[in-house]
Each structure stands twice: as structure tokens, then as C-alpha cells.
Amino acid sequence: MSLLGCVLATVVVAQAEAYKTGTWSAATAYVTPENRVETGLFGATRMGLGDGLELSSHPLWFFVIPNVAVKRVDWVLGDAVLSSEHTLTYPTPLLKLLSREGVGGLLPHESRVPHIVALTNELLVTQPLGFGHALTGWLGLTLAGAVGRANVTTIDLPVVYPRMAAYYEHVTGNAGLSLAGPVWRKVTYRVDGELFLIPNRQATWAAEADLEVSYTLGDTWQLMLGTKLAYSQLPYGSLTRLLPMLDVRYAF
Amino acid sequence: MPRPRPLWSRPTRILRGGVGILFGLLAACSLTDPFHTDFDAIEPAVMYQAAHLTPAAAPTDSLLVMTYNIKFGSARVRFFFECEGTRGVMSDDEVIGNLAGLAGKINQVQPDVLLLQEVDVGSKRTAYVDQVQWLLDHTHLNYGAYASQWRADFVPTDGVGRVDSGNAVLSRWPIHEAERLALAQSRANSAVVNYFYLKRNILRGHLSVGEHDLWFLAMHAEAFSDDDIRKEHIAMFSQLLTELDAEGAHVVAGGDFNTIPPGSKRLSGFPDDCADGRYDNDDYAGEEHYLDTLYAGFSEAISLPAYQADNTPYFSFTGDAASGWNRRLDYLFTNGSFVVGSGLVHQDLTQGGYDTLPLSDHAPVSAQWVLP
């Protein structure tokens with residue numbers, strides 16, 4: 001090992017423990033501290049496993065769209081942390097549930113839904129900027145495979161379409177950048193922008209911008225209010241929507 | 001360790017305030033009509049032009065006018081809202097195939113002005129094919145005006161998704177000042193149902209044909225209602241026609257009125273009635289005089305005495321191709337006149353020279369409209 005390698009390794013090991021965990025650290029390269037569980041009304045439940053590992057799932061959605069994600073801190077250099085997150089999703093029950101007559105039928109009831117498994121892999125890098133602010137960038141690739149006869153149309157809405165496009169196109173990409181930090185006392189902010197790439201002749205990309213403000217009470221409660229500006233190219237054209245966001249989060 | 005510095009400094013406060021106001025305004029706009037289903041009382045129609053214009057000679061004494069409810073190019077595919085219907089979407093190939101059949105009929109008749117109902121221009125159920133543009137590009141007609149009667153970015157029922165469907169008028173000659181005039185919705189429906197439900201309208205505009213300035217009115221009246229909304233639609237149509245007439249305009253006015261002419265032999269118990277359909281079977285009892293004002297004040301393509309003598313040759317609708325045409329719902333009126341005997345309901349090979357039964361649940365109605 002070269003001298004430079006030794007120095008780098010020493011820095012990485014020395015800094016790893018200090019920076020690889022963080023509370024309320026969803027959408028960053030940090031993982032939830034060991035033995036801590038953070039959950040939300042709408043967001044994922046995250047559990048710190050220690051050793052730079054985090055397990056997460058969306059409990060509200062789990063029974064209709066089974067999903068599990070593992071995030072691991074892969075590399076720490078100085079203040080910067082690089083993690084990878086791998087999410088396995090089985091959306092078939094949800095698509096079958098939505099293929100129905102009447103209200104709530106987002107897909108035609110005659111849809112034939114195959115067994116679909118999707119694997120999303122993301123690399124996240126978080127760089128503290130000082131004064132509590134941090135910049136996070138991420139790059140992701142979703143791969144999906146289907147087994148069985150399929151006759152399912154897309155759900156042509158912003159936010160939904162780019163996230164489900166991989167089920168139909170087998171591969172999509174995403175990349176984003178976020179900035180988060182304190183605003184005043186217990187109030188924090190988070191702004192981000194994310195780009196989705198869809199290899200489809202009708203819809204090729206989508207973009208979203210989030211603005212979130214959170215109020216943290218002690219170490220266990222957090223209230224988040226925000227808004228999402230979503231643009232998506234869709235099979236018929238494009239659509240822009242502004243959506244409200246709300247979550248109540250609890251940790252133990 | 002330095003203390004976290006709040007972002008409450010002056011430049012960021014201004015920036016944040018601006019972003020907040022921008023997001024707030026956008027949110028307010030999104031929340032008032034989140035799925036874009038609403039229309040103003042009067043809106044400009046959406047104008048179209050064929051990719052390649054077909055030269056049209058100036059007419060001499062009359063124009064051939066036709067009205068046709070094309071059932072969004074679904075031909076005889078039974079959708080979930082129809083009797084024993086199972087389908088929710090069609091493939092691109094299905095839609096284009098059905099439109100080719102309709103274009104075949106239109107090209108056979110060669111109308112100068114064509115009033116269309118139930119034309120999809122960007123609906124998921126019809127593979128997002130713009131049917132106005134497609135028909136212009138595959139017929140001799142050059143110009144179009146479109147007024148949506150069912151538009152939503154997303155309808156969250158029955159897999160409908162995005163829909164944009166409505167009335168159109170196609171013409172050999174340029175169309176001017178076409179407007180979408182909103183009609184009332186049924187008061188029997190809840191606000192939520194009406195938010196996503198059809199918004200009927202009258203499409204009004206005029207054509208410059210040689211030295212003639214000609215007007216048109218086109219309507220598709222309410223089909224399903226537990227109140228008198230269909231009667232109101234027809235009354236509004238009659239009023240607009242009367243107003244144009246008073247102004248000295250030369251008008252052709254028609255469409256699918258979803259009611260039967262006075263003197264119809266059968267008012268209910270039609271051969272295509274459905275045992276367990278989503279909607280009640282049609283019963284026109286009480287509607288026998290809905291069209292009296294129109295018949296009294298204006299000329300219709302099919303003479304009323306002829307119809308009353310024998311309804312059958314003038315039937316223009318059936319929900320079931322196997323049971324054949326069984327009632328008349330489609331009309332052409334004018335404050336001028338039609339060439340006597342030119343009115344025709346294009347029912348089949350012997351009456352119209354084309355088998356229209358497989359093309360739509362309506363048959364086209366045409367007549368030679370005398371120029372002033």
C-alpha cells in the first residue's frame with residue numbers, strides 16, 4: 001500500500017464513525033444511528049443496524065407494494081460520506097389493486113398484471129458545508145423484470161409515472177441534488193431537485209423540486225410541511241403539478 | 001465548533017420569500033382545479049388544419065352537411081359503461097383501424113361541412129390519438145374547430161386516466177371565430193361527480209365559403225340525467241339558433257340531441273335495452289315535445305311528416321349492432337332550407353352505400369343545405 005493510500009485509509013477510518021450516522025437523515029448519505037428507528041405517517045421507516053448499515057421500508061405501503069431497502073456507508077473521506085442504497089420492490093399487488101372498476105380504478109380492470117420485481121440502486125454523497133448545512137447528491141438506476149403475460153397501461157401522472165416507468169421500460173435513471181440545514185432554532189429546511197430519465201420514445205424525462213420545512217421536537221418528533229413542484233413528460237405530452245407534502249415523524 | 005448560522009440573513013430572506021410566494025401561488029392555482037376539468041362560460045375553440053390542404057371549389061347553390069357521432073373511434077368495442085362492456089382502453093392499432101373505417105365513410109359521402117360528436121383528441125382510452133387531426137389528414141376536409149366536453153388530466157375511476165373528448169366541426173373552408181359555449185351540468189349529480197363528469201357545450205362558429213358567410217352550431221346534449229338538463233340544453237341550442245337567425249345569419253345547426261323526434265312510435269323498451277347495465281335503459285316518455293320549438297321555427301334534414309309516417313328509415317342509433325338501428329337521436333336544422341328529399345340517415349349499403357353499423361353506435365345524417 002502506498003503512503004498516500006495509508007493516509008487516506010487512516011482518514012477514512014478516523015472520520016467514519018463521526019460522520020456516517022445522522023438523525024432524520026433520509027435522502028442523505030448518512031445512515032440512522034444504531035438501534036434508532038425513525039418512522040413517519042407517509043415516509044419510510046428507517047432502522048439503524050450499526051456498522052454503517054440502515055434498513056428501511058414503507059410500512060403503510062408494504063402490504064400492497066412489498067419493499068425493503070438497505071443503505072450502507074461505503075466510503076468516508078474527510079467530511080464527505082458516500083453511501084449506496086439498494087431497494088427491492090414487488091409492485092404487482094398494488095397494480096392489481098388499482099386495476100378495478102369504479103372509483104380508485106387507476107388502471108383498467110381488464111389489465112393483466114405480471115409479476116414484476118424492481119431493484120433500485122442509488123449512490124449518495126453528502127458533503128457538509130459548515131454551519132450545519134449539508135449538500136447531498138445522488139445517482140440511481142432502477143432495473144425491473146417481469147414474468148407472465150402483461151397487459152398493463154401506465155398511470156400518466158407526474159410523480160407517479162417516472163417512478164413506475166421502470167416496470168414498463170425495464171430501466172430508468174435518476175439523479176438529484178439537495179441542500180439541507182438549520183433555519184432557526186428547531187426549524188430546518190431542505191430543498192432538492194431530482195431528474196428522472198426514462199428510455200421511452202414518448203416520455204423521456206421528468207423533474208421534481210421539493211421545498212420542505214421541518215420542526216423537530218426533542219429527538220423523537222418531527223413535523224414536516226412542504227411542497228413538490230413536479231414536471232413530467234408523459235405518453236401524451238407533459239404536465240406540471242404543484243403538490244403539498246406533509247409528514248409526522250417519530251423516532252425511538 | 002461554530003454555531004449553526006441561520007439562513008435568516010437578508011439576501012436569503014428575500015430569495016426565500018420570493019420562492020415561497022411563487023410556490024404559494026402555484027399551489028393556489030393547482031388546488032382550485034387540480035385536474036384541469038373546468039371551462040369558462042365562453043372559450044375559443046381549438047383550431048385545426050389538415051397537414052395537406054385539399055383544394056375546394058367554391059360551391060354554387062348548396063353545401064352537403066353531415067352530422068356524425070363517431071363514438072370516439074371505438075366502433076363496436078364495448079366499453080365498461082356500455083351494456084356488457086368490458087373494455088377500458090384500446091390499442092393504437094385498434095383506434096387507427098376504426099378511424100380508417102370512419103374516414104372511409106366520410107370520403108364516400110364527401111360532406112362539405114361535418115359536425116362530429118364524441119371525438120377524442122388526447123384520451124388514454126383511445127391511445128392518445130388526436131382524432132380531429134387524424135380525420136383531417138385522411139379525408140378531403142381541411143379545417144377544424146374543436147370544443148372539449150370531457151377533459152381531465154386524470155379521472156381516477158375505471159382506468160379512465162387522461163381524457164379529452166368533445167365536439168368538432170370539420171370543413172373544406174376556413175373556420176372563423178369558433179367558440180365553446182358552456183352548457184349547464186345536471187343538478188342531480190354531486191359536486192365531486194360533476195367535477196369529473198362531462199361538461200356539455202355548443203360549438204359555434206362561422207365559415208367563409210366564397211362570398212357566403214355561414215354559421216354553424218353543434219351540440220351533443222346530455223345523455224344521462226335525472227333532471228331536465230337535456231331539455232335545458234336543447235332550449236339553449238334553440239335560443240342561440242333563434243338569436244343568430246334574428247341577426248340575419250345563415251345557420252346550420254345539429255348534432256346528437258339524445259332525444260327522439262315528436263311522433264316517435266317507440267319511447268322505451270328498445271331492442272338494445274340492457275338487463276344489468278350501469279345506466280338505466282333509455283325512456284323518452286315525457287320528452288316527446290322537447291324538439292317542438294326547433295321543428296316549429298326551423299327546417300330539419302328529415303321532414304317530420306316523413307318520419308312520422310315511418311320511423312324506421314330514419315333511425316340513427318343502436319347500442320347493439322345485432323339488434324340494428326332502433327331510434328333517432330341525430331339532427332340537422334337550418335334557418336334556411338335543405339334541398340327537398342336530400343336528407344338521409346346513412347344506415348347501410350342500401351341506404352347510404354356503406355355499412356355504417358360496425359363504425360359507431362350512431363349513423364351519420366346528411367342533407368344538402370341551400371345557400372342563401
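The following paragraphs examine the structure supplied in this document. Throughout this document, residue positions are counted from 1 along each chain, in the order its sequence is written. To label them, take the chains in the order written and letter them from A, then take the ligands in the order written and number them from 1. For a predicted model such as this one, the threshold for reporting local features is a pLDDT of at least 70, and the threshold for listing and counting side-chain atom pairs is 80 or more; totals across whole chains, interfaces and linings nevertheless cover every residue. As a convention, hydrogens and water are excluded, and side-chain values are obtained from all of the structure's heavy atoms.

Some remarks on the overall build of chain A
Counting from the N terminus, the helices are DSSP H or I runs at least four residues long and the strands are E runs at least two residues long. Across its full length, chain A carries four helices and 12 strands. We take the radius of gyration over the C-alpha atoms and set the globule estimate at 2.2 Å times the residue count to the 0.38 power. The globule rule puts the C-alpha radius of gyration for 252 residues at 18 Å, and the 19 Å found for chain A is close to it. For chain A, the spread of C-alpha atoms along the principal axes amounts to about 60 × 45 × 35 Å. Pairs at least 24 apart in sequence give 52% of the contacts found in chain A among residues at least 6 apart. Note on contacts: a residue pair is in contact if any heavy atoms of the two residues lie within 4.5 Å.

Considerations on the overall build of chain B
Check the secondary structure of chain B and you find seven helices and 14 strands. In terms of C-alpha radius of gyration, chain B reaches 23 Å, essentially the compact-globule figure of 21 Å for 372 residues. For each residue, the accessible area found with a 1.4 Å probe, counting protein chains only, is set against the maximum for its type, and the residue is called buried under 20%, exposed over 50%, and partly exposed in between. Split into buried and exposed, the 372 residues of chain B put 55% on the buried side. Counted over contacts in chain B with a minimum sequence separation of 6, partners at least 24 positions apart contribute 75%. The protein chains shown are the only cover counted for residues, whose accessible areas, like all others here, come from Shrake-Rupley with a 1.4 Å probe. Counting only carbon and sulfur atoms, one obtains 57% of the accessible surface of chain B, whose full area is about 15200 Å².

Describing the pattern of salt bridges
Two side chains that carry opposite charge are able to pair once their charged atoms sit near each other. All names here are of chain A. Counted as salt bridges are all cases of a side-chain nitrogen of Lys or Arg within 4 Å of a carboxyl oxygen of Asp or Glu. Tallying each qualifying case throughout the model produces 26 salt bridges over all chains. Salt-bridge contacts for Lys228 lead to Asp210; the nearest nitrogen and oxygen are separated by 3.0 Å. In this pair, Lys228 is assigned in strand E11 (residues 221–234) and Asp210 in strand E10 (residues 205–217), connecting sequence segments 18 residues apart. On the accessibility criterion, Lys228 (10% relative accessible area) is buried.

Notes on the environment of Arg36(A)
Residues and elements named next belong to chain A. Residue placement: Arg36 occurs in the loop between helix H1 (3–19) and strand E1 (37–40). Using a relative accessible area of 9% as the deciding quantity, one classes Arg36 as buried. The spacing of Arg36 and Tyr168 is 132 residues in sequence and 37 Å in space, taken between C-alpha atoms. What Arg36 contacts, discounting residues up to four positions off in sequence, is Thr23, Trp24, Arg46, Met47, Gly48, Asp219, Ala251 and Phe252. Side chain to side chain, Arg36 and Glu38 meet in a polar contact 2.8 Å long. Any pair of nitrogen or oxygen atoms within 3.5 Å is treated as a polar contact; in protein, a donor-acceptor pairing is required on top of that, and neighbouring residues in sequence qualify only through side-chain atoms on both sides.

Some words on unusual backbone geometry
All names here are of chain B. Phi is positive for His36, close to 55°, though the residue is something other than glycine. Within the element layout of this structure, His36 appears in the loop between helix H1 (10–32) and strand E1 (42–44). Even without a glycine there, the phi angle at Lys71 is positive, about 50°. Looking at where Lys71 falls in the secondary structure, it is placed in the loop between strand E3 (62–69) and helix H2 (92–109).

These results come straight from atomic positions and should not be treated as a statement about function.
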